[in-house]
Amino acid sequence: MSNELAHVVPDDVPEVMPDSPVEPRRRRVFHLSFSGPGLTVAALFFAVSLQPSLLPRAGYVQGVVSGITMMIGYGLGAGGQSLWNYLQVPKPKGRARSIIFGLLIALVAWATISGIWRQVGWQNDTRELFGMDPITPVIWPVILIVAAAVAAVILIVSRSLRLLFNTVIGWFGRHLPPRLAGVLGVGVLAVLIWLLLTGVLVNGFFAAANVMFSGRDTATPPGVEQPQSELRSGSPESLVSWDSLGRQGRKFVALGPTVEQLDRFSGGGAIEPIRVYVGLKSAPELQERADLLLAELQRTGAFDREVLVVATTTGTGFLDPNGIDPLEYAFNGDTAIAGVQYSYLPSWISLLADQQAVKETSQTVFRTVHEYWSTLPEESRPKLYLYGLSLGSYGVESILTSIDIVNEPIDGALMSGPPFVNPLHNTLEAAREPGTPPWQPIYQDGATVRFTAEQEGFSKTPGPWGPARLVYLQHNSDPVVFFSPDLALEVPDWVLPGQRGPDISEDMGWFPLVTMWQVALDLPGAGSIPEGFGHLYTARANLESWVQIAQPAGWTPAKTDALVEFMTAEAAAEKARLEAEQKS
């Protein structure tokens, strides 16, 4: 390549010539020599990293995205150069070399300048879709500083690994032929690093996270007090102690609509909803926790209610109020909702660490409750439904695909924000009817399962629906749903014209490797945006789904509008009350 890019010579020379004795040239971790092709591809990847993704990005997030993406490009460019040199492929010379070099520089310069110029506009277009305030070019110092820091860390780590590989190969080379030394050195180190990453580091990370978040689980959220009603777990009459419920369990049983609120909305006749919950500390073994939950349901009279929901929690034990409160309003309190904690970890960690735990917990709890429920007279027992948000929907799927419900099927299920690891969801989406988009597919005319979203609802599948109704509630802008490792090399259907949802920027495209990293880095921010986008599902969307699934008597669209307005006002009043208490 041209000498215009200073200090590129060290990376132009192969580590070990094919037929030379193994004497790898000494490399320093901290040296200012770079691969010319690596820098060229890095600049191109930096430009591509500025394009919009599923979610709007703050400056520091964009910096992380750009820093990682740049180094992916640098690695590809430098690796390609090393392979070219190793294979001893002739390089362009003379006028041809100048023309190729000039075209490459012009292309990269145009892409980079264009990306920098348009980045703020792209982000503001996405923020406008989400109803968020616009950003200004003052975020650029943050982007550049964070991107440079991330790129520097990656470069130091990669060069340290290169030095380690060269050193080990040199050791082998003192006793073995050059090629054999190279193969053995690379192979041994690759295995050791893989075992270290997947074993010691990963397991250590999960263990440390579990210790850290288990401590947080002992805290009680502000405004949450022990319930006194016998219809709630954790109360003085409960078989489950208040302290054993965990942070999210205490919040679940202590809050929710009161009889007074239900009466004010419905006009009267409400009864107190039943909420039962069992924490990880409530009993040492899973089956014991399941048996304890069943005993709580029996104690509270849950099997005499009109509706019984077995809910699978998210990682920390969280049950979304937007997913459960609307159901209690729709049935004027004649409901019972039950949940069991299976982890201390937040969703973004439990998605990786707790798939087996949520599966085993969901199936054991359901089997325990279902076996008792199926012995009750069909005409008097409650309608039985399943509910799960995020990884909770993974647990619901494990129930739906088990043999336990063959003889006594459930009445329906609501699965919100199903993560990309959900096998049933992925199968249904892949088998959707031609012409239907992946964010709202139609499967077998919607006879059993239907997909809905914040913007479109159930209007796409108006045909007959069977007695057992399954609903997936998902946003096209939810990276938890639409991330996939396949994004690295495959164009996803959901970015194609006519296939993308209304909550995705028209400027979002696909680029090999880059799009996968962009969407992966959207995952941590999927719950930090306005409701109705990403991984945050509104009370209205959940209510509309429950109405379709459970079909409360006399319900109308006007009641949906009235309930959403009522719940919004109640939430605002409660927020103001808590703020006033904190100030006093």
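For the structure, check the block above.
These numbers come from a predicted model, not from an experiment. (Residues numbered from 1 in each chain as written. Predicted model: local features only at pLDDT ≥ 70, side-chain atom pairs only at ≥ 80, totals over all residues. Heavy atoms only, no water.)

Draft legend 1. Quick peek at the side chain of Asn-332. Looking at the element boundaries, Asn-332 is found in the loop between α10 (321-330) and β3 (335-340). A relative accessible area of 17% places Asn-332 in the buried class. In this structure Asn-332 touches Leu-262, Ser-266, Gly-268, Gly-269, Ala-270 and Ile-271, once residues within four positions along its chain are discounted. (Helix = DSSP H or I, 4+ residues; strand = E, 2+ residues; numbered from the N terminus. Buried < 20%, exposed > 50% of the residue type's maximum accessible area, 1.4 Å probe, protein only. Contact = heavy atoms within 4.5 Å.)

Draft legend 2. Here's a closer look at the sheet that holds strand β7 (residues 469-473). Taking strand neighbours across the sheet as the criterion, the seven strands line up as β1-β3-β2-β4-β5-β7-β6 in an open arrangement whose pairing is parallel. Pairing within the sheet leaves two strands with one partner each, and these edge strands are β1 (274-278) and β6 (449-452). Going from strand to strand, the sheet's axes swing by 15° on average, the running direction of each strand aside. With four bridges connecting them, β6 and β7 associate as parallel partners. Considered in β7, the bridge of Arg-450 is made with Val-471. (Pairing = 2+ DSSP bridges. Axes fitted to C-alpha atoms, helices over the stretch in contact; angles between N-to-C directions.)

Draft legend 3. Here's a closer look at the packing of helix α3 (residues 59-86) against helix α5 (residues 140-173). Running from N to C, α3 and α5 point in directions that differ by 40°, and their axes come no closer than 7 Å. One way to sum up the angle between α3 and α5 is to call them oblique. Handedness of the crossing formed by α3 with α5: right-handed. Facing Gly-59, Tyr-60, Gln-62, Gly-63, Val-64, Ser-66, Gly-67, Ile-68, Met-70, Met-71 and Tyr-74 of α3, the residues of α5 in contact are Val-142, Ile-143, Val-146, Ala-147, Val-150, Ala-151, Ile-154, Leu-155 and Arg-159. (Parallel < 35°, antiparallel > 145°, perpendicular 65-115°, else oblique. Left-handed = near helix turned anticlockwise from the far one by under 90°.)

Draft legend 4. Main features of the packing of helix α17 (residues 539-550) against helix α18 (residues 557-583). Packing of α17 against α18 brings their axes to within 10 Å, and their N-to-C directions diverge by 145°. In this structure, α17 crosses over α18, and the sense of that crossing is right-handed. Where α17 abuts α18, its residues Ala-539, Arg-540, Leu-543 and Glu-544 lie against Thr-560, Asp-561, Leu-563, Val-564 and Met-567. Of the residues belonging to the contact of α17 with α18, the class tally is five nonpolar, one polar and three charged. (Nonpolar A, V, L, I, M, F, W, Y, C, P; charged D, E, K, R; others polar.)

Draft legend 5. Structural detail: the packing of aromatic side chains. Enumeration according to the criterion identifies 15 aromatic pairs in this entry. Ring centres of Phe-265 and Tyr-329 lie 6.1 Å apart, and the angle between their planes is 85°; this geometry places the pair in the edge-to-face category. Highlighted residues: Phe-265 in helix α8 (residues 259-266) and Tyr-329 in helix α10, separated in sequence by 64 residues. Ring pairing ties together the aromatic residues Phe-265, Tyr-329, Trp-555 and Phe-566, which thus form one cluster. A cation over a ring is seen here: Arg-381 above Trp-373, with NZ or CZ 3.8 Å from the ring centre. (Phe/Tyr/Trp six-rings, centres within 6.5 Å; stacked < 30°, edge-to-face > 60°. Lys NZ or Arg CZ within 6 Å of the ring centre and 35° of its normal.)

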